[in-house]
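Descriptive analysis of the structure
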Amino acid sequence: MPLLEVGTRPRGRLKVFIRAQLPLLVGTVFVVALTALPIPVDVGSPLLLSGLAVVLAASVLVLAVPWERLPAIAMIGVPLLDVVGVALIRAELLPVLPSAGMLSIFPVLWLAFAFGRRGIVVAVLATVFITSFPFVYRHDAPDDLLDWANVVTLPVLIVGVALVVNFASAQLRRSRRRLVEANEALTEALARSQDEALLSRAILDTVSTGVAFFDASNRLTLSNRHAQEFASLVGFELGRPPYSGDRVLSADRSSPIPPDEQIVPRALRGETLVDHVEWVGPPDRQRAIVASSSRVRRADGELLGTVIVAYDITELAHAIEIREEFLSTVSHELRTPLTNVTGYLELLADALEAPGAPGPVDPAARGYLDVVARNAELLRRRIDELLAATESTLPPVKRPTNLTELLRGAASAARRVADAKEQTVELRQHTDAECVIDLDPERIARALREVVDNAVKFSAPGTTIGISHDCADGRATISITDQGVGMGRAEQTRIFDRFYRTPYARRHAVQGFGLGLTLARSIIASHDGSIAVQSDPASGTTMTITLPHAAPRGSTG
């Protein structure tokens, strides 16, 4: 125990002396000093002086002997010396100062407290020695019951005290062991926590993403260098309200965003941001960032705070802008000469068929002219696809529209190509009522044509393309199902990417730029709708389009 253990350093001897030996030494000096009073005891008695000398010697031994280098049990010799000293003093003072025997409590407690069960046994024997020594010294034996009581009483009482002290010592040892184990566990946990904190900080400062965490009181508790840089571009310090600035534009790079609608204020109000795009900073250092935020809660729902994550997409935004400008420029530059080509082809055809034409037209030349016209028309459609891809982000112009009629138009347009492949395009309607919803009819019609045409392209001859729709529960659901080649999981994750063409399309030279489904998804997304694919190489593909805000069924727009 820390109370009576020396430890591993010499300083521990002084602690043991103060806690265990000093009380006995003070008590002994006090008792001996009483004999200087008019008490009928000889101060120069050999027994009294010997007892005092033994206690003094034991005190010196506690301080002088390097107990820290010896086994712990070796120190049991000190309380045993104290027992001898107490026995000598008690034998001399018993007739006039019986309470001197109480000095035995100090070495007995030391034995019982510091040396476990062996200490109890030694303590009992020590008390028997203390009470029996006067009879041995005087060569006498107890004559009556009172003498025997004097011999037995102190050992019995000391046994009780020793047992209590030993029990308390054992409890303290167990408590200390548990505390040591708990302290070691806490130390290990603290070390792990510090390591994890260092690792987290290193990760936060290494990633090219801004991360900030605000506690439940909206106080900044964690942020990395990138988050601080983004805040500086906006014009505020991340750790100080109002967490907004005057150098913030929306995704169009032209509309200013009010302070209370910027990223941090919205997140701290509890809004969940998902891929929110802003342009921040002065014109010469403007950066595009995309941010997301969420609340962090314990399992019981208690709010811990708000985490905000933002990363720089400036290079990506510039690349997209350059791509859009390239597509738009190329499309317009190609469309102008193509318009002249198709115009002159029409003039040439009209001239060949005019009444005053010089002679009959060679059938082969006429066929060549038709091939040129068809390919010119095909090229015009491809250029239209490129132009539509650059305009797919424009906001829709909605009005009540008969969705059923749009589907009929898409099916009719697809049949011209499907008939050549002996395919069947079926329009299946769940109810007889027309489905009228609020949408942009021209753009949705374009999206539907793209999806249906895609189904026709990748379906084998003689198969069926089914188109079904339903308006219920505040939404319109459209399904286009084919019996074509289908797609694997890897292909399904990319079919809506711009210019992506499946391996099948490349192997079989299926015409197209890989923009049709991209355009369709953009148009549907601009209507707050969604398009999903379910495909299997063995059974074909189903495209499911969902459009919200179903209007009351009624007149068409």
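Below you will find a few notes about this structure. (Residues numbered from 1 in each chain as written. Predicted model: local features only at pLDDT ≥ 70, side-chain atom pairs only at ≥ 80, totals over all residues. Heavy atoms only, no water.)

1. A few points about the overall build of the chain
- Counting its regular elements, the chain contains 15 helices and 13 strands.
- Residues counted as buried form 40% of the 557 residues belonging to the chain.
- In the chain, the share of contacts with a sequence separation of at least 24, taken over all contacts with a separation of at least 6, comes to 65%.
- A total of about 30,700 Å² of accessible surface is found on the chain, and carbon and sulfur atoms cover 60% of it. (Helix = DSSP H or I, 4+ residues; strand = E, 2+ residues; numbered from the N terminus. Buried < 20%, exposed > 50% of the residue type's maximum accessible area, 1.4 Å probe, protein only. Contact = heavy atoms within 4.5 Å. Areas by Shrake-Rupley, 256 points an atom, 1.4 Å probe, with all protein chains shown as cover.)

2. Regarding the pattern of salt bridges
- The full count for this structure, using the stated rule, is 14 salt bridges.
- One salt-bridge network, held together by shared partners, links Glu-261, Arg-266, Arg-269 and Glu-271. (Salt bridge = Lys/Arg side-chain N within 4 Å of Asp/Glu carboxyl O.)

3. So, empty space enclosed by the protein
- If you walk through the whole model with that rule in mind, you get three cavities of 30 Å³ or more.
- Residue lining of the largest cavity: 21 residues in total, with Phe-230, Phe-236, Ile-263, Val-264 and Ile-289 positioned closest to the centre.
- At the level of elements, β1 (209-215), α7 (225-234), α8 (263-268), β4 (276-280) and β6 (303-312) are the ones that each hand at least two residues to the lining of the largest cavity.
- In the lining of the largest cavity, the residues fall into 17 nonpolar, three polar and one charged. (1 Å grid on protein atoms, 1.4 Å probe; cavity = no way out; pocket = protein on both sides within 12 Å on 5 of 7 lines; lining within 4 Å. Points joined across faces, edges and corners; volume = space filled by probe spheres on them. Nonpolar A, V, L, I, M, F, W, Y, C, P; charged D, E, K, R; others polar.)

4. With respect to the layout of surface pockets
- In this structure, the largest pocket spans a volume of roughly 1,300 Å³.
- Surrounding the largest pocket, 46 residues form its lining, Glu-450, Asp-453, Asn-454, Lys-457 and Gln-511 being those nearest its centre.
- The biggest single contributor to the lining of the largest pocket is helix α12 (residues 441-457), with nine residues.
- The residue makeup of the lining of the largest pocket, split by class, is 21 nonpolar, nine polar and 16 charged.

5. Some thoughts on the packing of helix α1 (residues 11-34) against helix α3 (residues 77-93)
- At a minimum axis distance of 12 Å, the contact between α1 and α3 shows a crossing angle of 15 degrees. It follows from the interaxial angle that α1 and α3 lie roughly parallel. Here the hand of the crossing between α1 and α3 comes out left-handed. Of α3, the residues touching α1 (which contributes Gln-21, Leu-24, Thr-28 and Val-31) are Val-78, Asp-82, Val-86, Ile-89 and Leu-93.
- Classifying every residue of the contact of α1 with α3 gives six nonpolar, two polar and one charged. (Axes fitted to C-alpha atoms, helices over the stretch in contact; angles between N-to-C directions. Parallel < 35°, antiparallel > 145°, perpendicular 65-115°, else oblique. Left-handed = near helix turned anticlockwise from the far one by under 90°.)

6. Examining the nonpolar core
- By size, the foremost hydrophobic cluster in this structure holds 39 residues, and its most contacted members are Leu-403, Leu-448, Ile-480, Ile-545 and Leu-547.
- Among the elements of the structure, α11 (403-420), β9 (436-439), α12, β10 (464-472), β11 (475-481), α15 (516-526), β12 (530-536) and β13 (540-548) are those that each provide at least two residues to this core.
- Among the elements that take part in this core, α12 stands out by supplying eight residues, more than any other.
- Every residue in contact with Leu-403, bar those within four places of it in the chain, is listed here: Cys-435, Ile-437, Leu-439, Ile-444, Leu-448, Ala-476 and Ile-478.
- Listed in part, the 36 residues of the second largest apolar core include Leu-52, Val-78, Leu-103 and Phe-115. (Core = buried A, V, L, I, M, F, W, Y, C linked by side-chain atoms within 4.5 Å.)

7. Quick word on the sheet that holds β4
- Strand order in the open sheet formed by six strands is β2-β1-β6-β5-β4-β3, with antiparallel pairing between adjacent strands. Across the chains shown, the open sheet's two edge strands, defined by having one partner strand only, are β2 (220-223) and β3 (248-249).
- Alignment of β3 against β4, held across two bridges, turns out to be antiparallel. The residue of β4 that forms the bridge with Val-248 is Val-280.
- Across the sheet, α7 touches β1, β2, β3, β4, β5 (287-297) and β6, and the angle it forms with β1 is around 90 degrees. (Pairing = 2+ DSSP bridges.)

8. Quick word on a nonpolar patch on the surface
- Taken together, the side chains of Leu-14, Ile-18, Leu-22, Val-26 and Leu-63 present a nonpolar region at the surface, about 410 Å² in accessible area.
- Top contributing element to the nonpolar patch by residue count: α1, with four residues. (Patch = residues over 30% accessible without salt bridge, like charges linked within 9 Å, V, L, I, M, F, W, Y side chains within 5 Å.)

9. Observations regarding the side chain of Ser-459
- Along the polypeptide, Ser-459 turns up in the loop between α12 and β10.
- Polar side-chain contacts of Ser-459 include one of 2.6 Å to the backbone oxygen of Ala-455.
- With residues up to four places along the chain from it excluded, the contact list for Ser-459 reads Lys-421, Gln-423, Ile-465, Asp-482, Gln-483 and Gly-484. (Polar contact = N/O pair within 3.5 Å; in protein donor to acceptor, adjacent residues only side chain to side chain.)

10. Focus: the packing of aromatic side chains
- The tally for this structure, following the rule as stated, stands at three aromatic pairs.
- An angle of 50 degrees between the planes, with centres 5.8 Å apart, marks the rings of Phe-129 and Phe-133 as tilted. With a gap of four residues between them, Phe-129 and Phe-133 both fall in helix α5 (residues 116-137), about one helical turn apart.
- Exposure remark for Phe-129: the relative accessible area of 37% places this residue in the partly exposed category.
- Where Phe-214 meets Tyr-243, the ring centres are 5.3 Å apart and the plane angle is 75 degrees; that geometry is what we call edge-to-face. Here the residue Phe-214 occupies a position in strand β1, and Tyr-243 occupies one in the loop between α7 and β3, the gap between them amounting to 29 residues. Both residues of the pair, Phe-214 and Tyr-243, count as buried.
- Ring pairs connect the aromatic residues Phe-129, Phe-133 and Tyr-137, which therefore count as one cluster. (Phe/Tyr/Trp six-rings, centres within 6.5 Å; stacked < 30°, edge-to-face > 60°.)

11. Side note on unusual backbone geometry
- In this chain, Pro-241 is followed by Pro-242 through a cis amide linkage whose omega measures 10 degrees.
- Secondary-structure assignment places Pro-242 in the loop between α7 and β3.
- One non-glycine residue, Asp-528, lies in the positive phi region at around 60 degrees.
- By the element assignment, Asp-528 lies in the loop between α15 and β12.

12. Re α15
- For α15, the complete set of buried residues consists of Gly-516, Leu-517, Thr-518, Leu-519, Ala-520, Ile-523 and Ile-524.
- Positive backbone phi, at 60 degrees, marks Asp-528, one or two positions downstream of α15.

13. Quick look at α3
- Compared with an ideal rise of 1.5 Å per residue, which puts 17 residues at 24 Å, α3 spans 25 Å between its outermost C-alpha atoms and is within 8% of the ideal.
- For α3, every residue scored as buried is listed here: Val-78, Pro-79, Asp-82, Val-83, Gly-85, Val-86, Ala-87, Leu-88, Ile-89, Arg-90, Ala-91 and Leu-93. (Expected span 1.5 Å × (residues − 1).)

14. Regarding the pairing of β10
- Of the pairings in the sheet, the one linking β10 to β11 comprises seven bridges and is antiparallel in character. Within β11, the position partnered with Asp-470 by the bridge is Thr-477.

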